[in-house]
Amino acid sequence: DIQITDVWLVELAELARGGNASGWRRNGERNAATRIRRAWLKHRSRRDALAEKIRAALPIDPNDIQITDVWLVELAELARGGNASGWRRNGETNGVAVDMMLLGNTRAPRYMRGITYINRDADTVWEMIRSPVAYEAWLPQVLQTRVVKELSDASHVCHIALRHDLFTYATDDRDFVTVHSTATLRDGTRVAAMRSIVDSSLPEMRQYTRGEMGMWGFHVTEDRTASYPRSRVVFVAQVDPRGWLPGKAASAYVCGDVPLVLSHLRAAAQEKTALENGEEGVYIADE
């Protein structure tokens, strides 16, 4: 029934006027609206300042829709770099080592990366991550990936919608308009990189908060130290999900949950191995 009758409106008015005799009990008095408004303004100011620092650090104009070899090499260097490059170990979760590189002298992360080993050959892992469309098969936080424009055999414009729980403390689903590019470098390593662009044919959508990717990608190498097929996979992230987030997320929200992405990738690779070997069972990422 999509009608609101006079009886309904009168009932609301009686609820508004009623006192203790109507069943109402006083539960205290607070200036909540003012307090929440002040907290939001303080958070928004801090968030916007941090977002401006992140965007100022991005090396490429978002209106430029090409990912150059320099960009792909930079991602590879971020994946290979150690402490001397500015990385700091931030812990380990479910077999994923998490590193952080801070932005200048601030406590804000400019980049985060996860490092894990997967007991599959590099070719198999590469097929799972070489295209954003393939993410839908193993990353449950992906709502939709769509190739909008082909730029070349190895580069295209994509629209990606991600569930909010991929980003720490986020409450709304996010979407991104990105250019995605892949390459095999001279040393044989494979790189898949994405970053945000501006595309007039893909305006912001009401059901999503439009986020920004500065650097997002994978670096895959064969682990030649192992006696069995094993790959080293590095996931590098520099993301601003935008939108409302609590103040305590000031350092976490710009990068999302790096371990979660690699945990799901490793679980999907293990399940693929089990199915190929005729084994039953489902591997679940530890979230």
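Positions within a chain are numbered from 1, following the residues in the order the chain's sequence is written. Only residues with pLDDT of at least 70 get local features here, since the model is predicted, and only at 80 or more are side-chain atom pairs given and counted; chain-wide, interface and lining totals rely on the full set of residues. Computation of side-chain values covers all heavy atoms of the structure but excludes hydrogens and water.

## Quick look at the overall build of the chain
Point 1. Runs of H or I in DSSP of at least four residues are treated as helices and runs of E of at least two as strands, each being numbered from the N terminus. Per the secondary structure count, the chain includes 5 helices and 10 strands.
Point 2. Considering only contacts within the chain whose residues lie at least 6 apart along the sequence, 60% involve residues at least 24 apart.
Point 3. With the model as given, the accessible surface of the chain reaches about 16200 Å², and the carbon-plus-sulfur share is 48%. A contact between two residues is defined here by any heavy atoms of the two lying within 4.5 Å. Only the protein chains shown count as cover for residues, and all accessible areas are computed by the Shrake-Rupley method using a 1.4 Å probe.

## Focus: the nonpolar core
Point 1. Joining through side-chain atoms within 4.5 Å is the link that ties buried Ala, Val, Leu, Ile, Met, Phe, Trp, Tyr and Cys residues into a set, and such a set is a nonpolar core. Buried, partly exposed and exposed residues are distinguished by accessible area as a fraction of the type maximum, computed with a 1.4 Å probe on protein chains only: under 20%, between the cut-offs, and over 50%, respectively. Counting 34 residues, the largest nonpolar core has Ile 129, Trp 138, Trp 216, Phe 218 and Leu 265 as its most contacted members.
Point 2. Where this core is concerned, the elements lending two or more residues are strand 2 (96-102), strand 3 (109-118), helix 4 (122-129), strand 5 (155-162), strand 7 (190-196), strand 9 (212-222), strand 10 (231-240) and helix 5 (258-276).
Point 3. The greatest single-element share of this core, amounting to 6 residues, is contributed by helix 5.
Point 4. Excluding residues within four positions of it along the chain, Leu 265 makes contact with Ile 118, Met 128, Ile 129, Trp 138, Phe 218 and Val 233.
Point 5. The next biggest cluster of nonpolar side chains, apart from the first, holds 18 residues, and it includes Trp 87, Ala 183, Val 191 and Val 234.

## Section: the packing of aromatic side chains
Working definition: an aromatic ring pair is given by the centre-to-centre distance plus the angle between the planes.
Point 1. Pairing of aromatic rings covers Phe, Tyr and Trp, the last through its six-membered ring, and needs centres within 6.5 Å; plane angles under 30 degrees mean stacked, over 60 mean edge-to-face, and all others mean tilted. Scanning the entire structure with this criterion turns up 5 aromatic pairs.
Point 2. For the ring pair Tyr 135 and Trp 138, a centre distance of 5.6 Å and an interplane angle of 65° mean the geometry is edge-to-face. Here Tyr 135 and Trp 138 have matching classes, each one buried.
Point 3. Members of the aromatic cluster, each reached through a chain of ring pairs, are Tyr 135, Trp 138, Trp 216, Phe 218 and Phe 235.
Point 4. Note on geometry: a ring has a charge over it if NZ (lysine) or CZ (arginine) is within 6 Å of the ring centre and within 35 degrees of the ring normal. In this structure, Arg 230 packs its charged tip against the face of Tyr 117, placed 4.3 Å from the ring centre.

## Observations concerning unusual backbone geometry
Point 1. Phi is positive for Asn 94, which is not a glycine, with a value near 50°.
Point 2. Note that Asn 94 resides in the loop between strand 1 (87-93) and strand 2.

## Describing the pairing of strand 3
Point 1. Counting buried positions along strand 3 yields 8 of 10 residues, so the element is predominantly enclosed.
Point 2. As defined by bridge partners, strand 2 adjoins strand 3 across 6 bridges and the pair is classed as antiparallel. Each bridged residue has a counterpart across the sheet, and for Met 100 the counterpart in strand 3 is Met 112. Pairing between strands is defined by DSSP: at least two bridges between them are needed.

## Examining the side chain of Asp 199
Point 1. Note that Asp 199 resides in the loop between strand 7 and strand 8 (209-210).
Point 2. In the analysis that follows, any N or O atom pair within 3.5 Å is treated as a polar contact, provided that within protein one partner can donate a hydrogen and the other can accept it, and provided that, for residues neighboring in sequence, both atoms belong to side chains. A polar side-chain atom of Asp 199 sits 2.5 Å from a polar atom in the side chain of Ser 201.
Point 3. Leaving out residues up to four positions away in the same chain, Asp 199 has contacts with Lys 149, Val 157 and Val 177.

## Section: a nonpolar patch on the surface
Point 1. Together, Ile 4, Trp 8 and Leu 9 line one region of the surface with nonpolar side chains, adding up to about 360 Å² of accessible area.
Point 2. As for its position among the elements, Trp 8 is in helix 1 (residues 6-17). Put simply, a patch holds well-exposed residues, over 30% relative accessible area, that have no salt bridge, with like charges counted together within 9 Å and Val, Leu, Ile, Met, Phe, Trp or Tyr side chains within 5 Å. What makes a salt bridge here is a side-chain nitrogen of Lys or Arg within 4 Å of a carboxyl oxygen of Asp or Glu, nothing more.

## Digging into the pattern of salt bridges
Point 1. Going through the model one piece at a time under the given rule, you end up with 9 salt bridges.
Point 2. Measuring nitrogen to oxygen at the nearest pair gives 2.9 Å for the salt bridge that ties Arg 113 to Asp 99. With a gap of 14 residues between them, Arg 113 in strand 3 and Asp 99 in strand 2 connect regions that are remote in the sequence. The pair Arg 113 / Asp 99 is uniform in exposure class, with both members buried.
Point 3. A salt bridge links Glu 276 to Arg 120, with the shortest nitrogen-to-oxygen separation between them at 3.1 Å. Here Arg 120 lies in the loop between strand 3 and helix 4 and Glu 276 lies in helix 5, a separation of 156 residues in the sequence.

## Side note on the pairing of strand 9
Point 1. Buried residues dominate strand 9, accounting for 9 of its 11 residues.
Point 2. Bridge count between strand 7 and strand 9: 5 bridges; the pairing is antiparallel. Within the sheet, the bridge partner assigned to Ala 192 lies in strand 9 and is Phe 218.

## Structural notes on the environment of Ala 79
Point 1. When you line up the elements, Ala 79 lands in helix 3 (residues 69-80).
Point 2. By relative accessible area, Ala 79 is classed as buried at 0%.
Point 3. Considering only alpha carbons, one finds Ala 79 and His 219, 140 residues apart in sequence, at a separation of 6.4 Å.
Point 4. Among all residues touching Ala 79, those that are not within four sequence positions of it are Arg 113, His 219, Arg 232, Val 234 and Val 236.

## Some thoughts on the packing of helix 4 against helix 5
Point 1. One can describe the packing of helix 4 onto helix 5 by two numbers: an axis separation of 11 Å at closest approach and a directional angle of 120°. If you check the angle between helix 4 and helix 5, you find them oblique. Seen from above, helix 4 lies across helix 5 with right-handed handedness. Counting all contacts with helix 4, which are made through Thr 124, Met 128 and Ile 129, the residues of helix 5 involved are Leu 265, Ala 268, Ala 269 and Lys 272.
Point 2. Only Asp, Glu, Lys and Arg are considered charged in this grouping, and only Ala, Val, Leu, Ile, Met, Phe, Trp, Tyr, Cys and Pro are considered nonpolar; every other residue, Gly among them, is considered polar. A class-by-class count of the residues in the contact of helix 4 with helix 5 yields 5 nonpolar, 1 polar and 1 charged. Interaxial angle, 0 to 180 degrees, is taken between N-to-C directions of lines fitted to C-alpha atoms, where a helix line uses only the stretch in contact. Angle categories are assigned with fixed cut-offs, so that under 35 degrees is roughly parallel, over 145 is roughly antiparallel, 65 to 115 is roughly perpendicular, and the rest are oblique. Crossing chirality is assigned from the near helix's rotation relative to the far helix, an anticlockwise turn below a right angle marking it left-handed and a clockwise turn marking it right-handed.

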